[in-house]
Amino acid sequence: MTQTMRAVEITEPGGPDVLKIAERAVPQPGPGQVLLKVAYAGVNRPDALQRAGAYAPPPGASDLPGLEASGEVAALGEGVTDLHVGDQVCALLPGGGYAEYVVTPAVHCLPVPEGLDLKQAACLPETYFTVWTNVFLRGGLQAGERFLVHGGSSGIGTTAIQLAHHFGARVFATAGSADKCKVCMDLGAEKAINYRDEDFVELLRAEGGANLILDMVGGDYLPRNVNALADDGRLVQIAFLQGPKVELNFAQVMMRRLTITGSTLRPQSDLAKARIASDLRARVWPLLAAGRIAPVMDSEYPLEKASEAHARMETSGHIGKIVLKVS
Ligand SMILES: NC(=O)c1ccc[n+]([C@@H]2O[C@H](COP(=O)([O-])OP(=O)(O)OC[C@H]3O[C@@H](n4cnc5c(N)ncnc54)[C@H](OP(=O)(O)O)[C@@H]3O)[C@@H](O)[C@H]2O)c1
């Protein structure tokens with residue numbers, strides 16, 4: 001097998017143009033890991049944060065960007081018995097997806113759901129792991145509850161709307177244009193709120209308040225989210241696109257028994273991610289195979305145009321997922 005591969009490097013912290021094609025050594029799978037020959041790599045906002053120097057890879061992870069990919073198992077590390085060379089999988093990665101080969105724990109691989117192709121499968125792991133752990137495990141969303149997701153047309157948002165709707169929640173979503181709002185409604189939102197001309201706080205309060213909010217915006221959304229929550233409501237923070245620092249009156253948190261929490265996926269232990277993978281395989285992969293839910297695809301770029309993919313993502317013109325074709 002070849003010893004070197006094409007990969008996209010972050011040459012220095014900065015804008016999309018710092019992403020450049022380079023030649024790297026093909027990584028070797030360690031115990032419990034597999035080597036994947038990457039077909040497609042999903043593009044996610046955290047990749048842009050890493051590129052800008054604001055989201056360092058955890059210790060031991062590749063310095064190359066890329067948190068998810070699909071492809072074929074090319075080699076097995078010691079002790080891997082559940083996968084075989086040639087299996088087609090999609091996988092959550094600790095990094096390194098923008099490359100022809102990548103290593104990841106075997107327990108973070110999932111089969112390509114029946115009926116989906118490798119391109120669609122590459123877009124599943126990062127958003128499905130994130131939504132499952134934050135909305136259902138941490139956020140405890142129950143059927144019949146009112147669920148608000150911000151950034152409804154994002155990779156995360158389109159996944160959260162579909163899963164919450166499927167599991168019986170009443171779904172509300174915010175998005176920045178009429179077209180994006182329409183997509184949110186088509187995916188199962190009961191109401192999509194164009195935040196440029198409607199106030200989500202007023203709308204949610206008129207419904208009795210949100211039982212759970214999934215937020216990636218932060219900034220002045222923090223106090224507004226608190227106001228939009230029902231008594232005993234939960235706010236789960238997964239990013240701070242408008243910044244993490246804000247003045248907040250915590251009396252409401254106490255008086256109305258609110259919970260404010262959050263998490264990032266990447267630094268969690270391999271075991272924690274393996275548990276999420278096993279939940280997804282049992283509860284969510286059958287829904288994908290049955291066509292009840294599906295990834296929302298925006299656009300495809302060749303690996304060497306990763307900088308253009310990042311530029312598209314950062315102008316927020318996209319709806320759903322952007323993917324890199326690697327081989
Ligand atoms: N904690 C975790 O483990 C974890 C894991 C994965 C992703 N994330 C985070 O989740 C978010 C979504 O990720 P993604 O990959 O799905 O991203 P994405 O597709 O790029 O979506 C981000 C969306 O947020 C909206 N947005 C951007 N800036 C905004 C602002 N200042 N105010 C309000 N809305 C804004 C945009 O839509 P509009 O046009 O509607 O504004 C955009 O489509 C990102 O912030 C990412 O960092 C967190």
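Residues numbered from 1 in each chain as written. Predicted model: local features only at pLDDT ≥ 70, side-chain atom pairs only at ≥ 80, totals over all residues. Heavy atoms only, no water.

Novice: So what's going on with the UniProt feature "domain: Enoyl reductase (ER)" (unreviewed entry) in the chain? Which residues, and what values?
Specialist: As annotated in UniProt, the feature "domain: Enoyl reductase (ER)" (unreviewed entry) corresponds to residues 14-324 in the numbering used here. The straight-line gap between the two end C-alpha atoms of residues 14-324 is 20 Å; of that span, 31% is helix and 27% is strand. (UniProt positions renumbered as here; feature names shortened; annotations may be inferred. Helix = DSSP H or I, 4+ residues; strand = E, 2+ residues; numbered from the N terminus.)

Novice: So, the domain arrangement of the chain: which residues are in play, and what are the values?
Specialist: For the chain, the assigned domains are domain 1 (1-37 + 303-327) and domain 2 (128-262). If you average the C-alpha positions of domain 1 and of domain 2, the two centres end up 31 Å apart. A buried area of about 400 Å², summed over both sides, lies between domain 1 and domain 2, and 64% of it is on carbon and sulfur atoms. It is His 318, Ile 319 and Gly 320 in domain 1 that bury the most area against domain 2; as a group they hold 78% of the surface buried on that side. (Domains from an automatic or database assignment. Buried area = accessible area lost by both parts, 1.4 Å probe.)

Novice: Describe the pattern of salt bridges, listing the residues and the values that go with them.
Specialist: Using the criterion set out here, one finds 16 salt bridges in the structure. Between Glu 190 and Arg 170 there is a salt bridge; the shortest N-O distance is 2.6 Å. Taken as a pair, Glu 190 in the loop between helix 5 (178-186) and strand 10 (191-194) and Arg 170 in strand 9 (residues 170-175) lie far apart in primary sequence, 20 residues in all. With relative accessibility at 27%, the residue Arg 170 sits in the partly exposed group. A salt bridge links Arg 257 to Asp 232; the nearest nitrogen and oxygen atoms lie 2.9 Å apart. In this pair, Arg 257 sits in the loop between helix 8 (251-255) and strand 13 (259-262) while Asp 232 sits in strand 12 (residues 229-237), placing the two residues 25 residues apart along the sequence. Residue classification places Arg 257 among the partly exposed positions, given a relative accessible area of 46%. You can call Asp 232 partly exposed: its relative accessible area is 41%. What emerges from the salt-bridge pattern is a single network uniting Arg 6, Glu 100 and Glu 304. (Salt bridge = Lys/Arg side-chain N within 4 Å of Asp/Glu carboxyl O. Buried < 20%, exposed > 50% of the residue type's maximum accessible area, 1.4 Å probe, protein only.)

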